[in-house]
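Overview (structure and organization)
Here is what each chain is made of, one letter per residue.
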Amino acid sequence: MKTPSALALSAAMIIAACSAGTTSSAAPADTAKLDATGDQPATPLADAPFTVQEVAGFNEPWAMTFLPGGRQALVTEKSGKLKFWQENGPTLDVAGVPAVAYGGQGGFGDVILAPDFATSGTIYLSWVEAGDGGTFGAVAGKAKFVSGGAPRLDGLQIIWKQDPKVTGRGHFSHRLAFSPDGKYLFIGSGERQKFDPAQDMKANLGKILRLNPDGSVPADNPFASQGGVTAQIWSLGHRNILGLAFDGSGKLWNQEMGPKGGDEVNLVAAKANYGYPIVSNGDHYDGKDIPDHPTRPEFAAPKLWWNPSVSPAGLVWYDGDVYPGWKNSLLMGALSGEGLIRMGIDGDALHKSDRWDFGQRIREVEVREDGTVWLLTDGSEGKLLKLAPKG
Ligand SMILES: [Ca+2]
Ligand SMILES: [Ca+2]
């Protein structure tokens, strides 16, 4: 029979063990002050827990997704190609892709698998199409991916469009993510560098949208009764959403490229207004002030923000075994920040846990089933990189 002191010791050991487990993905105490400011210094790659292997090359890659098993992947190239990458074979062009309006920030966008991909072969894609009078807008579509022989798309069908189409070729966002239950497609739709549409409930720009997999509007959307594109809206007041990711507890996170010094990661809630362009912890690039978030507490504030800007690109939830200390983290690429950022999730809080300096613009982040992390670098000589654990 255990004595009271032995019981107390066991309890203390259990608490210590639990506490070690839960803090592994959260922040060391000295990053708490980083979380509350724009700062996050970068660590040299030499001190990272991984080495970087160059695996393949792509022309202006924008997004990727692994196929089940992880030995193959689909990669979009902004100028309009969809590439079928194979770890043990050649990289092939996929036929039957849509014509895209390539230019500025626009072209081919995201590619993700349908929740029932294993049986249906369905994938979802986003791209930019031209409208009347020199206008443009992003669209999302679905198709069946057929990989046997020469890979192709069958039955491509557009299920969603940005409305209205406007001039300019910036801030399309067009990032896609399915809810973990597979029931809802979330779309990040940028404000097209026009500012006010983010607060205009008659436009689906500057919003995160929630749709059924066929593009119809779920009856329980927060603004469903208002009809039109308003019914699609899940959250508003966003700028240029370039990453959407669900974590293991079902919470949806988004990152968005803010104005100067205002890049954000938000915890996305139904009906919430994230305040752009009325508030931002950054300011306009022409120097014009935008009041900071604390001045208008009715708008949802970011969980983390970066100043100087890092220009976020891509967002994934990590829970793999290759890097046990990263369990329950978000990983985000950085374009101008030229690196990879890790944020430990701690309930509804987020911590600036790591930032590694790659010296290259990172466009996309993916996690393979085996827990390894893969990146796409930006530009006409873009590279697929595998991060291999050290030791
Ligand atoms: Ca992806
Ligand atoms: Ca400001």
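Residues numbered from 1 in each chain as written. Chains lettered and ligands numbered in written order. Predicted model: local features only at pLDDT ≥ 70, side-chain atom pairs only at ≥ 80, totals over all residues.

Some points on the overall build of the protein
- On a plain count of helices and strands, the protein comes out with three helices and 26 strands.
- Over its C-alpha atoms the protein spans a radius of gyration of 21 Å, differing by no more than 12% from the 21 Å that the globule rule assigns to 391 residues.
- Oriented by its inertia axes, the alpha-carbon framework of the protein measures out at about 80 × 55 × 40 Å.
- Looking at the protein as a whole, 44% of its 391 residues qualify as buried. (Helix = DSSP H or I, 4+ residues; strand = E, 2+ residues; numbered from the N terminus. Rg over C-alpha atoms; globule rule 2.2 N^0.38 Å. Buried ≥ 20, exposed ≤ 12 C-beta atoms within 10 Å, placed from the backbone.)

Focus on the sheet that holds strand β17 (residues 252–257)
- Pairing is antiparallel in the open sheet, where four strands are placed in the order β16-β17-β18-β19. Each edge of the open sheet is held by one strand with a lone partner, namely β16 (240–246) and β19 (304–306). Between one strand axis and the next, the sheet turns by 20 degrees as a mean value, whatever way the strands run.
- Note that β17 and strand β18 (residues 263–268) share five bridges and pair antiparallel. Considered in β18, the bridge of E256 is made with E264. (Pairing = 2+ DSSP bridges. Axes fitted to C-alpha atoms, helices over the stretch in contact; angles between N-to-C directions.)

Some words on the sheet that holds strand β21 (residues 329–334)
- Strand order in this open sheet of five strands is β1-β23-β22-β21-β20, and the pairing throughout is mixed. Single-partner strands in this sheet number two, and they are β1 (43–44) and β20 (312–318).
- In this structure, β1 lies alongside strand β23 (residues 349–357), joined through two bridges in parallel fashion. Looking across to β23, one finds that T43 is bridged to W356.

Points about the environment of G89
- The topology assignment puts G89 in the loop between β5 (81–86) and β6 (92–93).
- A sequence separation of 18 residues divides G89 from R71, and the C-alpha atoms of the two residues are 9.7 Å apart.

Brief notes about the nonpolar core
- Counting residues in hydrophobic clusters, the biggest one holds 90 residues, and the most contacted among them are I123 and F186.
- Per-element accounting of this core gives the leading share, six residues, to strand β9 (residues 135–146). (Core = buried A, V, L, I, M, F, W, Y, C linked by C-beta atoms within 7 Å.)

With respect to the environment of Y274
- Looking at the secondary structure, you find Y274 in the loop between β18 and β19.
- We classify Y274 as buried; it has 28 C-beta atoms within 10 Å.
- Sequence separation between Y274 and V52 is 222 residues, and the spatial gap between their C-alpha atoms is 36 Å.
- Excluding its chain neighbours within four sequence positions, the residues that come into contact with Y274 are S235, G237, H238, N266, F299 and A300. (Contact = placed C-beta atoms within 7 Å.)

Some thoughts on unusual backbone geometry
- With an omega of 5 degrees, the peptide bond running from D163 to P164 counts as cis.
- Within the secondary structure, P164 sits in the loop between β10 (152–161) and β11 (166–167).
- P308 follows N307 through a cis peptide bond whose omega is 5 degrees.
- Not every positive phi belongs to a glycine, and R192 is a case in point at roughly 60 degrees.
- Mapped onto the elements, R192 comes out in the loop between β13 (185–189) and β14 (207–211).

Concerning the confidence of the model for the protein
- Per-residue pLDDT for the protein has a mean of 93; in total, 92% of the residues score no lower than 70.
- Taken together, the stretch residues 1–26 has pLDDT below 50 and engages in 14 contacts with residues farther than four places along the chain or on a different chain. (pLDDT = per-residue confidence, 0-100.)

Quick word on the pairing of β21
- Burial runs high along β21: six of the six residues are buried.
- Side chains S329, L331 and G333 project from β21 onto one buried face, and the interleaved L330, M332 and A334 project onto a second face that is buried too.
- When β20 meets β21, the two strands line up antiparallel, connected through six bridges. Bridge assignment links P312 to a residue of β21, and that residue is A334.

Let's talk about the pairing of strand β4 (residues 72–77)
- Among the six residues in β4, five count as buried, and that is most of the element.
- In this structure, strand β3 (residues 61–66) lies alongside β4, joined through five bridges in antiparallel fashion. Along β4, the bridge assignment pairs P61 with E77.
- In this antiparallel pair of consecutive strands, β3 and β4, the connection spans five residues, and G69 shows a positive phi of 100 degrees.

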